[in-house]
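Examination of the molecular architecture
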Amino acid sequence: MKRSKFWILMLVPTFALVFFVNLYPLVRGGVISFQRLTVFNLNNPRFVGWNNYRTILNDPAFPRLLWNTFVWIACSVAFQFLFGLILALLLAKPFFGRGLYMGLVFYPWALSGFAIGLLWSWLLNGQFGIVNDVLIRLGLLKTPIGFLSDERFAMFSVILVNVWYGIPFFAIMLLAAIQSIPSELYEAAQIDGAGFFRKLFSVTLPYIRPTIYSTVLLRIIWVMNFPDIIYGMTRGGPAGATNILSVQMINIVYYRNNFGLASALGMIITAILTIFAVIYLTLLERGEFEL
Amino acid sequence: MKKRAIGILRAIGLGIFLVVALFPLIWIFLTSIKPATEVYTFPVKYLPSRATFEAYRYLFSFARFNMYFKNSFVVATVSAGFSTFFSLMAGYVLTRERFKLRTFLILVLFFVQMLPTYLIMIPQFTMFSRLKLTNTLTSVIIIYTGFGSAFGTIMARAFLKNLPRTIEEAALIDGCNRFQALFRVVIPLLLPGVGSIFSFCFVNSWNEVFTAVLFLHTDSKMTVPVALYSFVSKAGIQWNVMAAGIIVALLPTIVVFSLAQKYIVEGLTQGAIKA
């Protein structure tokens, strides 16, 4: 068999699927965003121009959706990174039972975000939740608070859970990077009399910078794309307090069955994501990290 | 003296992370084995007065969770199987061959990772409804295999890069054709990588909820996440039953993760990014 035929044959299944399941639907999504398409007229959509986009951008709730999305991404990623880094630093030196420990601490990363959301909605329940119970027993609260039903606490609560969920991912990536740092660098710093923080800021962080860049960027994209936890906890409520763009899009699909409108919102999300993708590719091009 | 203090601080830090990670899961398990009367009490009753598996019995008899479980298992296993197979083939070519479109194809795979499920599920739905495939397990298997193959190819590349070329070259000289070299020589050497790709794809398919909820609506076709979703929509579900449902939904991924943890972590850090 000729070489070129062989490799084309090997690439066909993956790329045929990627085209059929991902790329073509993306283009179709663009088309649908200009149509009036619901479950009831699936086979005969009507062209409506920019109407769907207008509806979304003129919605008085839209600025809040954008703001919520920003807060959700910024706080989630910042704290996932911070705690992930702390955990990675704690794990950097070997200790007895480290393999088992890593298994136990890293497992949340592999779980279903939706189920995690449901699980935590029970822990944070305003009437019977254990978090309230513990806070009252410690004397920090007098009466239970509605973590998910009170508009003031809801966003804080979903971010808290997302941070919990995302720590292992950062810890895994950063730990791998930290372990690849040549020990001579630390020895040299030691001789210069550097303390813990000096070593952290002059050796560790600069050395793992490529990993930090790529992980943070991919996490921003991933967290923006990740309605699962919010969906399991609040579905965007109460009164839109935790509604972000992706959750809103799913609500339009499931509750209003308006596929055209949902697609227009989807295209707006893609446009925003593209900005981050371009930053990612630029850093890649500049050699900050590699594929 | 100072060293010892640091050691103690470190142990405390590690302890806090462990408790924070494990506590929610333990708590939901305790809720699932509580008698119904002890679920809604405040102050909270920490340990059940007696362990009961009523909630699980309800799930598997009345709520037919064995069927949802079977559906999920079929979907996750079949899609992970195909994904692993396809991504090894594609990953092999994209690692070993140099050709014009190579970088472009790799970038396509990364790009696809960034596309959120919920964004393309509507076009997928209209496409599959034209093919009369909505509300079939086949539809979600095809979709998950697409995601899995794209992602798996990136992982396969990471593993293949570490495998010396000379081994396959020896096989080729011994008269193997290239398929045989790949499947008889390379893949057996790559078993941890293969396991890692399979577990990743399995876990991702098992956890996917939004496409499944849109595509699968009759009771006999539901997967575990869809069943959980319909639980939440139904008012009056007891929280001990809900907790049991959550445990059932999480259990397979916990099992897969504990069996393949080492390889999954290795696969993740070798250049494959979950997104």
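Residues numbered from 1 in each chain as written. Chains lettered and ligands numbered in written order. Predicted model: local features only at pLDDT ≥ 70, side-chain atom pairs only at ≥ 80, totals over all residues. Heavy atoms only, no water.

In the nomenclature of an unreviewed UniProt entry, chain B is known as Carbohydrate ABC transporter permease of Pseudothermotoga hypogea. Taken directly from UniProt, the Sequence similarities (unreviewed entry) text for chain B runs: "Belongs to the binding-protein-dependent transport system permease family. MalFG subfamily." (UniProt positions renumbered as here; feature names shortened; annotations may be inferred.)

For chain A, an unreviewed UniProt entry supplies the name Sugar ABC transporter permease and the organism Pseudothermotoga hypogea DSM 11164 = NBRC 106472. As its UniProt record puts it under Sequence similarities (unreviewed entry), chain A is described as follows: "Belongs to the binding-protein-dependent transport system permease family."

**Concerning the overall build of chain A**
A tally of helices and strands in chain A yields 13 helices and 2 strands. Taking the principal axes of its C-alpha atoms as reference, chain A extends roughly 75 × 75 × 35 Å. The buried share among the 291 residues of chain A stands at 58%. Across chain A, the fraction of contacts at a sequence separation of at least 24, relative to all contacts at a separation of at least 6, is 67%. Surface summary for chain A: the accessible area is close to 13300 Å², and the carbon and sulfur share equals 66%. In chain A, 20 side chains carry a positive charge and 11 a negative one; their mean positions are 11 Å apart. (Helix = DSSP H or I, 4+ residues; strand = E, 2+ residues; numbered from the N terminus. Buried < 20%, exposed > 50% of the residue type's maximum accessible area, 1.4 Å probe, protein only. Contact = heavy atoms within 4.5 Å. Areas by Shrake-Rupley, 256 points an atom, 1.4 Å probe, with all protein chains shown as cover. Lys, Arg positive; Asp, Glu negative; His and termini not counted. Charge placed at Lys NZ, Arg CZ, Asp CG, Glu CD.)

**A look at the interface of chain A and chain B**
With 97 residues of chain A at the contact, the number on the chain B side is 96 residues. Together, the buried faces of chain A and chain B total about 8800 Å²; carbon and sulfur atoms form 79% of this surface. The tally of links from chain A across to chain B stands at 0 salt bridges. Here chain A is connected to chain B by 17 residue pairs in polar contact (both at pLDDT 80 or more). Split by residue class, the side of chain A that touches chain B holds 73 nonpolar, 16 polar and 8 charged. (Buried area = accessible area lost by both parts, 1.4 Å probe. Salt bridge = Lys/Arg side-chain N within 4 Å of Asp/Glu carboxyl O. Polar contact = N/O pair within 3.5 Å; in protein donor to acceptor, adjacent residues only side chain to side chain. Nonpolar A, V, L, I, M, F, W, Y, C, P; charged D, E, K, R; others polar.)

**Looking at a nonpolar patch on the surface**
A contiguous nonpolar surface patch, about 500 Å² in accessible area, is contributed by V134(A), L138(A), L140(A), Y46(B) and L47(B). Judged by its relative accessible area of 60%, L47(B) falls in the exposed class. (Patch = residues over 30% accessible without salt bridge, like charges linked within 9 Å, V, L, I, M, F, W, Y side chains within 5 Å.)

**Regarding the nonpolar core**
Counting residues in each nonpolar core, the largest one holds 200 residues, and the members touching the most others are F106(A), Y254(A) and I246(B). Ranked by the residues each element gives to this core, the list is headed by helix α7 (residues 151-179) of chain A, at 17 residues. Among residues more than four places away in sequence, those in contact with I246(B) are A115(A), L118(A), L119(A), I28(B), L228(B) and W239(B). (Core = buried A, V, L, I, M, F, W, Y, C linked by side-chain atoms within 4.5 Å.)

**Focus on the pattern of salt bridges**
All names here are of chain B. Evaluation of the coordinates by the stated rule reveals 7 salt bridges over all chains. Across the salt bridge formed by E169 and R165, the nearest N and O atoms sit 3.5 Å from each other. Since its relative accessible area comes to 37%, E169 is described here as partly exposed.

**Concerning the UniProt feature "domain: ABC transmembrane type-1" (unreviewed entry) in chain A**
In this numbering, the UniProt entry assigns the feature "domain: ABC transmembrane type-1" (unreviewed entry) to residues 66-280 of chain A. Taken as a whole, residues 66-280 of chain A contains 74% helix and 0% strand, while its terminal C-alpha atoms sit 22 Å from one another.

**Structural notes on the UniProt feature "transmembrane region" (unreviewed entry) in chain B**
Residue and element names in this part refer to chain B. The feature "transmembrane region" (unreviewed entry), as given by UniProt, occupies residues 7-30, 73-94, 101-121, 141-160, 181-206 and 237-260 in the numbering adopted here. Structurally, residues 7-30 comprises 100% helix and 0% strand, and the distance from its first C-alpha atom to its last is 33 Å. As annotated, residues 181-206 has a helix share of 96% and a strand share of 0%, and its two end C-alpha atoms lie 32 Å apart.

**A word on helix α12 (residues 239-269) of chain B**
All names here are of chain B. Over its 31 residues, α12 runs only 38 Å from end to end, short of the ideal 45 Å by more than 12%, given 1.5 Å per residue. Of all the bends in α12, the greatest, near 80 degrees, is centred on A260. Of all 31 residues that make up α12, 22 are buried, and the element is covered over most of its length. (Expected span 1.5 Å × (residues − 1). Bend = angle between axes of the 7 residues up to and from the residue.)

**Points about helix α12 (residues 245-256) of chain A**
Residues and elements named next belong to chain A. Helix length check: α12 (12 residues) gives 15 Å between terminal C-alpha atoms against 16 Å at 1.5 Å per residue, within 8%. Among the 12 residues that make up α12, 10 are buried, leaving the element largely enclosed by the rest of the structure. Of the residues trailing α12, N257 is marked for its positive phi of about 50 degrees.

**Some points on the packing of helix α11 (residues 224-233) of chain B against α12(B)**
Residues and elements named next belong to chain B. Orientation of α11 relative to α12, taken along the N-to-C sense of each, is 160 degrees, at an axis distance of 10 Å. Relative to α12, the element α11 lies roughly antiparallel. Viewed along their axes, α11 and α12 form a crossing whose handedness is left-handed. From α11, V224, L228, F231 and V232 reach across to α12, where they touch V241, M242, G245, I246 and A249. Residue composition of the contact of α11 with α12, by class: 8 nonpolar, 1 polar and no charged. (Axes fitted to C-alpha atoms, helices over the stretch in contact; angles between N-to-C directions. Parallel < 35°, antiparallel > 145°, perpendicular 65-115°, else oblique. Left-handed = near helix turned anticlockwise from the far one by under 90°.)

**Focus on the packing of aromatic side chains**
Tallied over the entire structure, the rule returns 43 aromatic pairs over all chains. Aromatic pair F95(A) and Y101(A): ring centres 5.8 Å apart, planes at 75 degrees, arrangement edge-to-face. Residue classification places F95(A) among the partly exposed residues on the basis of a relative accessible area of 25%. With a centroid separation of 6.4 Å and 25 degrees between ring planes, the pair formed by F198(B) and F202(B) is classed as stacked. One end of the pair, F198(B), and the other, F202(B), are both in helix α9 (residues 191-207), 4 residues apart, so they sit about a helical turn from each other. (Phe/Tyr/Trp six-rings, centres within 6.5 Å; stacked < 30°, edge-to-face > 60°.)

**Observations concerning the confidence of the model for chain A**
Averaged over every residue, the pLDDT of chain A is 91; the share at 70 or more is 98%. Considering each helix and strand of chain A separately, the mean pLDDT is smallest for helix α8 (residues 183-191) of chain A, with a value of 87, and largest for helix α3 (residues 62-91) of chain A, with 96. (pLDDT = per-residue confidence, 0-100.)

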